[in-house]
Every structure is written in C-alpha cells, then in structure tokens.
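Here is what each chain is made of, one letter per residue.
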Amino acid sequence: MKRRVVLVDDHSLFLAGVRAELGDAVEIVGEAGSVTDAVPLIKELDPDVVLLDVHLADGTGDTIINAVSPERPGVRFLALSVSDAAEDVISVIRAGARGYVTKTISGDELAAAIDRVAAGDAVFSPRLAGFVLDAFRAGEHVGGDAEVDELTPREREVLQLIARGYMYKEIAARLSISVKTVESHVSSVLRKLQLSTRHELTRWATQHRLV
Amino acid sequence: MPLPAFAPRAEGRVIAGVCAGIAQALDVDVTLVRLVFALLALAGGAGILLYLALWAYATWKAKWLWAALVLAAGVLLLHAVGLSERAVAGIALVAVGLAFAWRDGGKFRLDTPLSYGGLAVAAAGAVLLLGGEGGTTALLAPGAVAGALLLIAGPWLWRLALERDAERDARIRTEERSEVAARVHDSVLQTLALIQRHSSEPRRVAALARRQERELRGWLYEDRPLGDDEASLVAALSAVAADVEELHGVRVELASAGDCAIDDESGALVLAAREAMTNAAKFSGADEIDVYAEVSGDAISVFVRDRGSGFDRSAVPTDRRGLTESIERRLERAGGWAAVLTAPGEGTEVELHLPRRQA
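What you see as residue numbers is a count from 1 along each chain, following the sequence as written. Key to labels: chains lettered from A, ligands numbered from 1, both in the order written. Totals for whole chains, interfaces and linings use all residues, but because this is a predicted model, local features are given only for residues with pLDDT of at least 70 and pairs of side-chain atoms are given and counted only at 80 or more. As a convention, hydrogens and water are excluded, and side-chain values are obtained from all of the structure's heavy atoms.

Participant: Explain the side chain of B:E349 to me, using residue names and the numbers behind them.
Facilitator: Of note, B:E349 is situated in strand β5 (residues 348–355). Note on classification: 1.4 Å probe, protein chains only; a residue is buried when its accessible area is under 20% of the maximum for its type, exposed when over 50%, partly exposed between these limits. According to the relative accessible area criterion, B:E349 is buried, its value standing at 4%. As used in this structure description, the phrase polar contact means that two N or O atoms lie within 3.5 Å; if the pair is within protein, one of them must be able to donate a hydrogen and the other to accept it, and residues adjacent in sequence are counted only when both atoms belong to side chains. A polar contact is formed between the side chain of B:E349 and the side chain of A:R164, at a distance of 2.6 Å. Among the polar contacts made by the side chain of B:E349, one reaches the side chain of A:Y166 at a distance of 2.6 Å. Every residue pair with non-hydrogen atoms within 4.5 Å of one another is taken to be in contact. Once residues lying within four places of it in the same chain are set aside, the contact partners of B:E349 are A:R164, A:Y166, A:R174, B:F303, B:V304, B:R305, B:A339, B:V340 and B:L341. Strands here are runs of E lasting at least two residues and helices are runs of H or I lasting at least four, both read from the DSSP assignment and numbered beginning at the N terminus.

See the structure below:
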C-alpha cells in the first residue's frame, strides 16, 4: 500500500519538484505552505508521513509537530531541508521528527526514507550522522545517564557507515547483520538524540550548520 | 513608534479578554495588568469604566463612546485620589479641549473652528484649575504655562522625530537593497545566464548551480558550512570537494565528525583525498561521491566512496600512477596508510588513515 504523505514547505517550486521526483512512489494527499495551514490540514488528513521543512515563513517545523502529535500520534514526521543551523534540526528532532534529510536527496532515496519513517524507523543524513558522532564522542562524558548519553560501539559503527554514505542494505551486508537490526540501531540513536542532556548537543549545534 | 496593536484575546480570558490582550500587546504578565485594573476599580470604579472603554473600543471601534468612558474613568480616578471637584473639572476640560485641538492623530488644523474651540475649552479648564487654589496660583503658573506649551507643541515634535526615524530607516533599507542587488547581479544573475546558455549540458548546469549555491551560502550565513576556520582539516576538505565538483561535474557530499588544524601530514592527507575524489569522479561513472572525515584523539580517518563501476586492481596498468603514487605513497610518507576496497560493479571506497602526533 502506498504511503499517504503531506508536504509542508513554503517554496511552491520546491513542492512541485518533490512531487515530480516522488512520482508514483507515494500518494501525496495534501500540501501546505505555512504553520497555520499545515496544522489543521494534517489533523484532518491524518497521513502516514509529513515531509516537513524546518523553517517556514510563520514559524519552525517543531511548532507543527508539537501542535499535531498529541491529537494524531500516528503521524510521523521527516524533516527535509536545504540549509539549517544544527540547533534547529536538533529541536525538530527533539520535538519528535523521525529523521532529517537534505533537499538534494534523490527521489528514490527520499521514497525509501519515507517508507522507513512510516514504519517507525529513523533516517539520518550522512552529515547528521557525523554530527551525532561528534556530539556523542566517546570518553568525554561526565555524569548524566549513560543509558541515553552514550552510544554503544555497534551504534557508533552503524552511524559511521551512514556518514560514509552507505545505505541500510549496504551497512547490513558490511556488518553481517540484518537490515532490521540496522534500523533498530538507528532508532535507538534517534531516541538518545531526543532524550540526551549532553551539553555537546547544544554547544555544537549553535556553532554549526547542517547543509 | 505606533502603539502595539491591541485586541482582546479569547485565550486565557476571564471576562472579555481585555487584560489578556493588553498583556500580550505590551508583553507583560497578565496578572500585573489585572492587578492594575483591580486597583483602578477601587478608585471610585475607574478601572471598571476603563475596562468597558477598552472593550467597547476593540469591539465596536466606537471612538466617541470610548473617549467618553475614558474621560469618566479619569474623572473618577482623580476624584478618588483626593483632588477637589473644581480641579477635577478643570483637568477634564483641559483634556477634552486638547482632544478636540489635536484630534485625528496630532494634526492641528488651523482651518477648522473645532480646533480653536478645543483650545478655548482647554484654556478655560486651565483657568478653572488654577484659579481655585488661591495662594498657590503664583507658584503653579509657570509650570502650567510650560505644561500647556508642551501639550500643544508635543505632538508636533513627536511626529517630527518619527518622520526623521522613518527617513533614516528608509535610507538604510535602500543601501541594503542596492548591496544585495549588486551581489545578486555579480553572482546569481551571471550564473543563471550561463545556465541558460548551457541548458543542453546537464552536468555543467548542475556544477554551475552547485557553485552558485556554495557562494550564496557563504555570503548569506557568513560562516563555513563545515570546518571551524580556514586552516582546519574539514574546511580544506570542503574546498577540495568544491574544486572536484566544479572540475568534473559530480556532487560531493561531505560529512564530518570532529576537526583539527592543518599541518604538513594532514595536508598530505587532504591532497590524497583530493586524488581519490578525482579518481572517483573521472573513472567510476557515479555522479555522487560521499566523503566522510573523522578526527579522534589519536587518528584522522577520511573515507571517499562512490557507487560507480569499481575496478579490478590487478588489471590497472602499472603506469597509471594516480592510486599508488598520489594516494598510497603520499600517505606512507606522512606516516599513515591507505586502503582501497573495490570490485568491478561494486563501487569503490578509499580509506585514508593518519595517526596524529601527540601534542
């Protein structure tokens, strides 16, 4: 069954491009260009996945997530953006987005990412993976909750391969594990990213841009 | 400076939302606003009238009803703080008079009798106010004259200041706009012209668009997308990636974790990475190359990967020195090593590894 998708972006040219790139891979049920339009639209349509621009003319993506999620917990969000301060990307992810990809992603990869997010898994762009590795650097941690503030060696390996440009299937082959296991490692990293109190997350994020 | 827009808010209201609206317009705590209204309500009910006045104003935009209610509230308030009836009446007359004289947002209209009438009423009010206090008149007179002058000239001076500010803002905006226009002309418009001319060559168009994107980013955000400063490893890799993109019309996606300063050894690593990217761009047939740099406490690793054709190393002629000489030997001399993972049809990944000298 095709995934039902809502696009939220204030650039109509870009919306048209995504529509064309995705083609028949998903069913685009609605489009919105602002926070004000998006919130009621998503609540009404109750789609599988919302492709969300981080910055909109009248607010940021996390506002939409915070407004929709309590009423429509089944809707998954995938942030899709062209140029963002890491800080903003982190706040969208902390609001509950299941991943972040850049607008230069190919149509096929985007469709795969939508599928993955709809299934409850997580999607990281290579650069976001690099950022997470940097922020969760081993051996620099003081105090806090190791459960959410440290990455396991396996999670580290998976993230490193994502940063190197490997797709989930390739990672699975490389590490001799199943794709499902790769997905669960990435989801676990996403959870840590959403819950961790590591100060590197905010410090690093204010200094860098995820392009 | 216009007053902040005010509208009653349904959200968080107790009666009609007037207090909540004021709190939002002035960006203060709503409890504070409610407290002020409550205190004013104690002053002979002035707060209640004022509340009604604001509500009436926002609901019906009825100026006269609003003005009358505010006046009544003011009278009650002044009376409550202990002024004599005569003084209150005087002040009320002055207020009404000035409201007539300065109506329509501070435009003193010499051609309307209403303005003169307003001034006359205000003057009568002043006489009433000052005349009644007997002995204190002499003391109050200079202050009253100064106050009257201020009231008459004030709105005019205020408007003058506003106009000057607006003029300065407009000038700054014009300057900004011409700077943006110059930039856009020099870069974006030129690129668009080039793209139109080369529209039949997709790779060239992509490379042009990519270069323009990078330039525009650098200008708009005034920071490098990656790398903390010019002399850092990631910044150098980013520059190399940009060169390769431009020369060969491929996309290079750079990700990184950590960064360090460039020295001779890591400089050699960057050159080797450049060679690896160039090889991928020229021979693999892939249109995207992924580069990942990881800097840890004791080593730097760079991975250059493509999903292209791959190759059989034993089949590469020995006179093709790129891989051996420019990548492997170069890194060995710098104290590191390089590994190539490839097979025909499976793409290629070059791993460059360099131990860091202990500082």
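There's plenty left to go through after this.
Participant: I'd like a description of the layout of surface pockets, backed by residues and values.
Facilitator: For each structure, a 1 Å grid was placed over the protein atoms alone; sets of points admitting a 1.4 Å probe that cannot get out are labelled cavities, open sets with protein on both sides within 12 Å along at least five of seven lines are labelled pockets, and lining residues have an atom within 4 Å of a point. Grid points are joined across faces, edges and corners, and a volume is the space filled by probe spheres set on the points. A volume near 830 Å³ is recorded for the second largest pocket. Where the lining of the second largest pocket is concerned, the elements lending two or more residues are β8 (99–102), α5 (107–118), β9 (123–124), α6 (126–135) and α9 (168–175) of chain A together with β1 (251–257), β2 (288–295) and β3 (299–306) of chain B. Ranked by the residues each element gives to the lining of the second largest pocket, the list is headed by α5(A), at five residues.

Participant: Break down empty space enclosed by the protein for me, citing the residues and quoting the values.
Facilitator: Residues and elements named next belong to chain A. Applying the stated criterion across every chain, the model contains one cavity of 30 Å³ or more. Empty space within the largest cavity amounts to approximately 50 Å³. Lining the largest cavity, in full, are L7, V8, D9, F14, L15, V18, L51, L52, D53 and L80. When contributions to the lining of the largest cavity are tallied by element, the ones reaching two or more residues are β1 (4–8), α1 (12–22) and β3 (49–52). By residue number, the principal contributor to the lining of the largest cavity is α1, which donates three residues. Of the residues in the lining of the largest cavity, the class split is eight nonpolar, no polar and two charged. Note on residue classes: Ala, Val, Leu, Ile, Met, Phe, Trp, Tyr, Cys and Pro are nonpolar, Asp, Glu, Lys and Arg are charged, and everything else, Gly too, is polar.

Participant: A description of the interface of chain A and chain B should follow, citing residues and the corresponding values.
Facilitator: Size of an interface: often given as the accessible area lost when the parts come together. Taken together, the contacts link 21 residues of chain A with 24 residues of chain B. Here, a salt bridge means any Lys or Arg side-chain nitrogen found within 4 Å of an Asp or Glu carboxyl oxygen. Taken together, the connections running from chain A to chain B amount to four salt bridges. The salt bridge involving B:E349 is made with A:R174; its shortest N-O contact spans 3.5 Å. Linking chain A with chain B are nine residue pairs in polar contact (both at pLDDT 80 or more). Among the secondary structure elements, those contributing two or more residues to the side of chain A that touches chain B are α6, α8 (153–163) and α9 of chain A. If you tally residues by element for the side of chain A that touches chain B, the top one is α6(A), at six residues. For the side of chain A that touches chain B, the residue count by class is eight nonpolar, six polar and seven charged.

Participant: If you had to explain the pattern of salt bridges to someone new, which residues and values would you point to?
Facilitator: Pairing is possible between side chains that carry opposite charge, provided their charged atoms lie close to one another. Counted according to the given criterion, the structure contains 16 salt bridges over all chains. Of the charged contacts, one joins A:E157 and A:R154 as a salt bridge, the two residues approaching to 3.0 Å between their closest N and O atoms. Taken together, the residues span about one helical turn, with A:E157 and A:R154 both in helix α8 at a distance of three residues. Look at A:E157 and you get partly exposed, because its relative accessible area is 34%. Here B:R251 and B:E253 are joined by a salt bridge, their closest N and O atoms 2.9 Å apart. Using a relative accessible area of 21% as the deciding quantity, one classes B:R251 as partly exposed.

Participant: Describe the nonpolar core, with residues and values.
Facilitator: Grouping buried Ala, Val, Leu, Ile, Met, Phe, Trp, Tyr and Cys residues that are joined through side-chain atoms within 4.5 Å yields what is termed a nonpolar core. Counting residues in each nonpolar core, the largest one holds 55 residues, and the members touching the most others are A:V8, A:I42, A:I64, A:F77, A:F124 and A:V132. Ranked by the residues each element gives to this core, the list is headed by α6(A), at six residues. Each domain's extent was defined by an automatic or database domain assignment. A domain split of this core shows at least three residues from each of domain 1 (1–120) and domain 2 (123–211) of chain A. Aside from chain neighbours lying at most four places away, what touches A:F77 is A:I42, A:V50, A:L52, A:I64, A:I65, A:V68, A:S69, A:A97, A:R98, A:G99 and A:V117. B:V240, B:V270, B:A276 and B:L352 belong to the second-largest nonpolar core, a separate cluster that totals 35 residues.

Participant: Kindly report on the environment of B:A338, identifying the contributing residues and their values.
Facilitator: Residue and element names in this part refer to chain B. Summarising the element assignment, A338 is placed in strand β4 (residues 337–342). For the pair A338 and T324, spaced 14 residues apart in sequence, the C-alpha separation works out to 9.5 Å. Sequence-distant contacts of A338, defined by excluding residues within four places in its chain, comprise I327, E328, L331, E351 and L352.

Participant: So, the environment of B:N279: which residues are in play, and what are the values?
Facilitator: Residues and elements named next belong to chain B. Within the secondary structure, N279 is located in helix α11 (residues 264–284). Spatially, the C-alpha atoms of N279 and L323 are 8.2 Å apart, while their sequence positions differ by 44 residues. For N279, the residues in contact, after removing those within four places along its chain, are S284, L323 and I327.

Participant: Please set out the sheet that holds β4(B) residue by residue, giving values where relevant.
Facilitator: All names here are of chain B. The strand order across the open sheet built from five strands is β1-β2-β3-β5-β4, with neighbouring strands paired in mixed fashion. Looking along the sheet, the strands with just one partner apiece sit at the ends: β1 and β4. Between one strand axis and the next, the sheet turns through 15° on average, direction left out of account. By the bridge criterion, six bridges tie β4 to β5 in an arrangement that is antiparallel. Paired with A338 across the bridge in β5 is L352. Fitted lines through C-alpha atoms serve as axes, helices being fitted only where they are in contact, and the angles separating the N-to-C directions of these axes extend from 0 to 180 degrees. Strands β1, β2, β3 and β5 of the sheet are contacted by α11, whose axis makes an angle of about 10° with β3. DSSP bridges decide pairing: two strands pair if at least two such bridges lie between them.

Geometric values such as these leave the question of function open.
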